[in-house]
Amino acid sequence: MTEPRFEPGARIRVKADFPETRGPCHIRTPHYLRGREGAVERPLGAFPNPEDLAFARPAARIPLYHVRFDQPSLWNEGQAGDTVLVELYEHWLEPAA
Amino acid sequence: MAHAASPDSIALLERFTAALAARGIVTEDQIAAQIARTDRADPRIGAAMVARAWTDPDYLALMRRDGSAAAEAMGVSMAGAPPLGVLEDRPGLHHLVVCTLCSCYPRAVLGYPPHWYKSAAYRARAVRDPRGVLAEWGTTLPEATQIRVVDSTADYRWMVLPERPAGTEGWDADRLASLVTRDALVGTRLPRP
């Protein structure tokens, strides 16, 4: 699972998942992006899954991406054209229509 | 933010480092070396990188391609450090770095993060109201300039490569580096001659 599945420009949605509600976990995907749509800026390589590393479990290397989001639509305020660029792991991303 | 260490926490730290050493994960010498490296790191390293990028097209190309290699080229050991990414401002685009989850910061080239970078207020507001935050820093961008907030959430550490300010034609790299403050490398301020 180390070859990136998404190419630059691909439209993605961040999974609307909240593992925090199910038990102890370590998540590097900010709450404010769960369920939101963005575009892959570029792949950033593959890194051991921090969700496993944090608990000293064997950690598979997972592709990491820089993903760009429209900033005003995340918050319903702000200036058109502003963006947020975030590192996200592939298992949090699904293709958006 | 900083609290004086209690005897209990010092004792806990000593037991923890002893356990790491006993398991062969890290030695006391490696910990000491890492502390020394972090203590030595300083925003002047990042400033020197920016000034060199402004004056040396080959170095600019290296910085765009591989921030860690660009740091190594300035004599910084990046062994064991997270990869360094460089966010290049251009006319119409300004980068602002924040870590909303904790306080990820490019320590190898900027040193210890300032207290405000770790504050809940900066972390919450930079991503939601970047223009308001910049205004409070006294940083005004041209109206048409878009802001790109970079939320440093994972394995990279990010520094900003600001635009070279007007009025610095003919300056050498040392003089240019004197304009590049820590805050300019995070994106809260612009370099000004």
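Fair warning: this is a prediction, and the values are worked out from it, not measured in the lab.

1. Overview of the overall build of chain A
Helix and strand counts for chain A come out as two helices and five strands. Reading the helices (α) and strands (β) of chain A from amino to carboxyl end gives β-β-α-β-α-β-β. For 97 residues, the compact-globule formula gives about 13 Å, and the C-alpha radius of gyration of chain A, at 14 Å, lands near that figure. Once the C-alpha set of chain A is aligned to its principal axes, its extents read approximately 40 × 30 × 20 Å. A burial count over chain A gives 45% of its 97 residues as buried. With the model as given, the accessible surface of chain A reaches about 4,800 Å², and the carbon-plus-sulfur share is 52%. In chain A, 12 positive and 14 negative side-chain charges are present, and the distance between their average locations comes to 3 Å.

2. A short note on the UniProt feature "domain: Nitrile hydratase alpha/Thiocyanate hydrolase gamma" (unreviewed entry) in chain B
Residues annotated in UniProt with the feature "domain: Nitrile hydratase alpha/Thiocyanate hydrolase gamma" (unreviewed entry) correspond here to residues 15-188 of chain B. With 48% helix and 13% strand, the stretch residues 15-188 of chain B has end C-alpha atoms that lie 40 Å from each other.

3. As for the environment of Trp116 of chain B
Tracing the chain through its elements places Trp116 of chain B in helix H7 (residues 115-118). Excluding residues that lie within four positions of it along the chain, Trp116 of chain B makes contacts with Tyr122, Trp137, Arg182, Asp183, Val186 and Thr188 of chain B.

What counts, and at which threshold
Residues numbered from 1 in each chain as written. Chains lettered and ligands numbered in written order. Predicted model: local features only at pLDDT ≥ 70, side-chain atom pairs only at ≥ 80, totals over all residues. Heavy atoms only, no water. Helix = DSSP H or I, 4+ residues; strand = E, 2+ residues; numbered from the N terminus. Rg over C-alpha atoms; globule rule 2.2 N^0.38 Å. Buried < 20%, exposed > 50% of the residue type's maximum accessible area, 1.4 Å probe, protein only. Areas by Shrake-Rupley, 256 points an atom, 1.4 Å probe, with all protein chains shown as cover. Lys, Arg positive; Asp, Glu negative; His and termini not counted. Charge placed at Lys NZ, Arg CZ, Asp CG, Glu CD. UniProt positions renumbered as here; feature names shortened; annotations may be inferred. Contact = heavy atoms within 4.5 Å.

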